[in-house]
Amino acid sequence: MATTEKSKATTTKSAAKTKTAANTKSKTGKMENSEFHEFFVDELKDIYWAEKHLVKALPKMKKAATSPELAAAFEKHTQETQTHIETLEQVFSLLEEKAAAKKCDAMAGLLEEADGIIEDTDAGTMIRDAGLILAAQKVEHYEIATYGTLKVFAENMGHTEVAELLGQTLENEKATDVALTECAVSFVNEAASQE
Ligand SMILES: [Fe+2]
Ligand SMILES: [Fe+2]
């Protein structure tokens, strides 16, 4: 009973809030000036910044890697990250929004941490690779969380094509995370433990 009353109150409150937002329906019938839409676009700008910085950081991580396998994984993901940037540009264009980057504090911090790991480990060691995998997986998990949520937002707003594009990137981030785990468990961690 209490829950019903609470949800009723929330509905009334959010309905009142929606009323105050400048909602205009586009030719596609979607609310493109709603607060939720603005929030969605803002978050897209955040991940756009993140991807644009990541694409510059990955070649540094590749250069720092000890094993050719990990270097190849970073090389592959640099190209994929470039695709993620282009996909986001497509998303902005579908939403008729300008592709703009907004500083992502989380990615800035994660990349700073990756730099710290390179500084704290010796070149040519497998401990370096274990550390790089740790840093890279933190990045991938951040991306997975972001794309997973943004895809659902797009679905909720009826942006089917946008949801599909975000879903493609999401799957690639997940595959990258799996590939990094494989590197770690197949040879990196064991070699690092023997150094
Ligand atoms: Fe990405
Ligand atoms: Fe990624």
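Quick notes on the rules
- Residues numbered from 1 in each chain as written.
- Chains lettered and ligands numbered in written order.
- Predicted model: local features only at pLDDT ≥ 70, side-chain atom pairs only at ≥ 80, totals over all residues.
- Helix = DSSP H or I, 4+ residues; strand = E, 2+ residues; numbered from the N terminus.
- Buried ≥ 20, exposed ≤ 12 C-beta atoms within 10 Å, placed from the backbone.
- Contact = placed C-beta atoms within 7 Å.
- Axes fitted to C-alpha atoms, helices over the stretch in contact; angles between N-to-C directions.
- Parallel < 35°, antiparallel > 145°, perpendicular 65-115°, else oblique.
- Nonpolar A, V, L, I, M, F, W, Y, C, P; charged D, E, K, R; others polar.
- Expected span 1.5 Å × (residues − 1).
- Core = buried A, V, L, I, M, F, W, Y, C linked by C-beta atoms within 7 Å.
- Arc of directions from axis to C-beta.
- Left-handed = near helix turned anticlockwise from the far one by under 90°.

Quick notes on the overall build of the chain
Phase 1 of the analysis: Along the chain, the regular secondary structure elements total six helices and zero strands.
Phase 2 of the analysis: Secondary structure elements of the chain, listed N to C terminal, follow the sequence α-α-α-α-α-α.
Phase 3 of the analysis: Sorting the 195 residues of the chain into buried and exposed places 28% on the buried side.
Phase 4 of the analysis: Excluding contacts between residues fewer than 6 apart, the proportion of contacts in the chain whose partners are at least 24 apart in sequence is 70%.

Some words on the packing of helix α3 (residues 68-94) against helix α6 (residues 160-193)
Phase 1 of the analysis: Direction vectors running N to C along α3 and α6 enclose 170°, while the axes themselves pass 10 Å from each other. Between α3 and α6, the angle is such that the two are roughly antiparallel. Of the residues in α6, those in contact with Glu69, Leu70, Ala73, His77, Glu80, His84, Thr87, Gln90, Val91 and Leu94 of α3 are Glu161, Val162, Leu165, Leu166, Gln168, Thr169, Asn172, Thr176, Ala179, Leu180, Cys183 and Val188.
Phase 2 of the analysis: Here the contact of α3 with α6 is composed, by residue class, of 11 nonpolar, eight polar and three charged.

Examining unusual backbone geometry
Phase 1 of the analysis: A positive phi angle, close to 55°, is found at Glu96, a residue other than glycine.
Phase 2 of the analysis: Relative to the elements of secondary structure, Glu96 occurs in the loop between α3 and α4 (105-120).

Regarding α3
Think of an α-helix as turning once every 3.6 residues; residues three or four places apart then point the same way.
Phase 1 of the analysis: Helix length check: α3 (27 residues) gives 39 Å between terminal C-alpha atoms against 39 Å at 1.5 Å per residue, within 8%.
Phase 2 of the analysis: Of the positions making up α3, those classed as buried are Leu70, Ala73, Phe74, His77, Thr81, His84, Leu88 and Val91.
Phase 3 of the analysis: Where the residues of α3 are buried, they touch α2 (35-64), α5 (126-156) and α6.
Phase 4 of the analysis: At the C-terminal side of α3, Glu96 shows a positive phi close to 55°.

So, the environment of Gln79
Phase 1 of the analysis: Structurally, Gln79 is set in helix α3.
Phase 2 of the analysis: Separated by 24 residues in sequence, Gln79 and Val55 place their C-alpha atoms 8.1 Å apart.

Some points on the nonpolar core
Phase 1 of the analysis: Core analysis: the biggest nonpolar cluster contains 38 residues, and Leu44, Met61, Leu70, Val91, Leu132, Ile133 and Leu166 have the highest contact counts within it.
Phase 2 of the analysis: Mapped onto this core, the elements with two or more residues apiece are α2, α3, α4, α5 and α6.
Phase 3 of the analysis: For this core, the element with the most residues is α2, which contributes 10 residues.
Phase 4 of the analysis: Residues within four places of Val91 in sequence aside, it is in contact with Leu44, Val162, Leu165 and Leu166.

Digging into α4
Phase 1 of the analysis: Counted at 1.5 Å a residue, the expected span for α4 with its 16 residues is 22 Å, and the 22 Å between its end C-alpha atoms agrees.
Phase 2 of the analysis: Of the positions making up α4, those classed as buried are Met107, Leu110, Leu111 and Ala114. Looking down the long axis of α4, one finds its buried residues gathered within 95° of arc, a one-sided arrangement. In this structure, α4 carries Asp105, Gly109, Glu112, Gly116, Glu119 and Asp120 as exposed residues pointing more than 90 degrees from its buried face.

What to know about the packing of α2 against α3
Phase 1 of the analysis: Contact geometry for α2 and α3: axes closest at 9 Å, N-to-C directions at 160°. Judged by the inter-axis angle, α2 sits roughly antiparallel to α3. Note on packing geometry: the crossing formed by α2 with α3 is left-handed. Contacts between α2 and α3 pair Leu44, Ile47, Tyr48, Glu51, Lys52, Leu54, Val55, Leu58, Pro59, Met61 and Lys62 from the former with Ala71, Phe74, Glu75, His77, Thr78, Thr81, Gln82, His84, Ile85, Leu88, Val91 and Phe92 from the latter.

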